[in-house]
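Structural overview
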Amino acid sequence: GAEARPRAAPRGTRHTREETATTRGRSAADGVGRRYLMAPVCTAWMWGLAMFIEVPRLLERGDQRVLAERWYVFLGAAVLGFAVNVASFLVIKRTSSVMVKILGTARNAGLVLLSALVMGEEVTAQQAAGYALCLGFFGAYNYYKMTEKHVPVSHAKEEIMPLKADVEVGK
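As a starting point, this report considers the structure included with it.

Conventions used here
Every chain is numbered independently, its residues counted from 1 as its sequence is written. Side-chain atom pairs in this predicted model are given and counted only at pLDDT of 80 or more, local residue features only at pLDDT of at least 70, and totals for whole chains, interfaces and linings cover all residues. Working from all heavy atoms in the structure, the side-chain values ignore hydrogens and water. Numbered from the N terminus, helices here are DSSP runs of H or I no shorter than four residues, and strands are runs of E no shorter than two. Each residue gets one of three labels from its accessible area relative to the maximum for its type: buried under 20%, exposed over 50%, partly exposed in between, using a 1.4 Å probe on protein chains only. In what follows, residue pairs with any heavy atoms lying within 4.5 Å of each other are defined as contacts. Per-residue and other accessible areas were derived by the Shrake-Rupley procedure at a 1.4 Å probe size, with only the shown protein chains allowed to occlude residues. Angles shown run from 0 to 180 degrees and are taken between the N-to-C directions of axes, each axis being a line fitted to C-alpha atoms and, for helices, limited to the stretch in contact. Every angle not falling under 35 degrees, over 145, or within 65 to 115 is termed oblique; those three ranges are roughly parallel, roughly antiparallel and roughly perpendicular. One speaks of a salt bridge when a side-chain nitrogen belonging to Lys or Arg is within 4 Å of a carboxyl oxygen belonging to Asp or Glu. For this analysis, a polar contact is any N or O atom pair within 3.5 Å, provided that within protein one partner can donate a hydrogen and the other can accept it, and provided that sequence-adjacent residues contribute only side-chain to side-chain pairs. Centre distance within 6.5 Å is the pairing criterion for rings of Phe, Tyr and Trp, where only the six-membered ring of Trp is used; planes under 30 degrees apart are then read as stacked, over 60 as edge-to-face, and the remainder as tilted. Working rule for helices: expected span equals 1.5 Å times residues minus one.

1. So, the overall build of the protein
- A count of helical and extended segments in the protein gives nine helices and zero strands.
- In sequence order, the protein lays out its α and β elements as α-α-α-α-α-α-α-α-α.
- Within the protein, the fraction of its 171 residues that count as buried is 12%.
- Long-range pairs, those at least 24 residues apart, make up 60% of the contacts in the protein between residues at least 6 apart in sequence.
- Of the roughly 13800 Å² of accessible surface on the protein, 66% is carried by carbon and sulfur atoms.

What follows is the structure, given as structure tokens:
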């Protein structure tokens, strides 16, 4: 919805930066290392804002006992959040940032269609057609990427620009 739109651009630029870093000969540890460097800064901002926005409401309602009673749920959410970040980085390293965005779109469309079919959520015909179209193009993109012919990088450079030795010898 409208709430997800402002976050899409920063997420996309983060994915593109990670893809660029991993394709320029940097190791996977560089990207993961950058996340470890950013984590304390992000944590400080989130905790700082939460202290003014969330904590007063939490204390007012007496919901802090829920944290103590169900700590394992929060720990599980933290572990899954970390796993999502690692998986996102690995997908970008193996494929591209475009694939991450396409996977996100396909996941959302599949979730809506699944909830309509399995859980009986109400979806209009226009919405169902749009989500089905989205999943169809996701499948077409994957098919295209799987059948795409890859030219090795070393051969591609030779076709565009002859090797220096070939020019000097006159070949």
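Next comes the rest of the write-up.
2. Things to note about the packing of helix α5 (residues 71-94) against helix α6 (residues 97-118)
- Interaxial distance between α5 and α6 falls to 7 Å at its minimum, and their mutual angle equals 130 degrees. Taken together, α5 and α6 sit at an angle that is classed as oblique. On α6, the residues touching Ser88, Val91 and Ile92 of α5 are Ser97, Met99, Val100 and Leu103.

3. A short note on the pattern of salt bridges
- In total, this model carries one salt bridge according to the counting rule given.
- We note a salt bridge from Glu148 to Lys145, for which the minimum N-O separation is 3.4 Å.
- Given a relative accessible area of 34%, Lys145 falls into the partly exposed group.

4. Things to note about the side chain of Ser115
- With respect to the element layout, Ser115 can be found in helix α6.
- Given the relative accessible area of 14%, Ser115 is considered buried.
- A polar contact is formed between the side chain of Ser115 and the backbone oxygen of Val112, at a distance of 2.8 Å.
- Setting aside anything within four residues of it in sequence, one finds Ser115 in contact with Gly120 and Glu121.

5. Points about the packing of aromatic side chains
- For the structure shown, the criterion picks out one aromatic pair.
- Pairing Trp71 with Tyr72 gives two aromatic rings, centres 6.0 Å apart and planes at 85 degrees, and the pair type is edge-to-face.
- The exposure class of Trp71 is exposed, given its relative accessible area of 52%.
- The exposure class assigned to Tyr72 is partly exposed, which follows from its relative accessible area of 48%.

6. Describing α6
- Under the 1.5 Å per step criterion, the end-to-end length of α6 is 31 Å for 22 residues, consistent within 8% with the ideal 32 Å.
- Within α6, burial applies to Ser97, Met99, Val100, Gly104, Ala106, Ala109, Leu113 and Ser115.
- Looking one or two residues past α6, Gly120 carries a phi angle of roughly 75 degrees, positive in sign.

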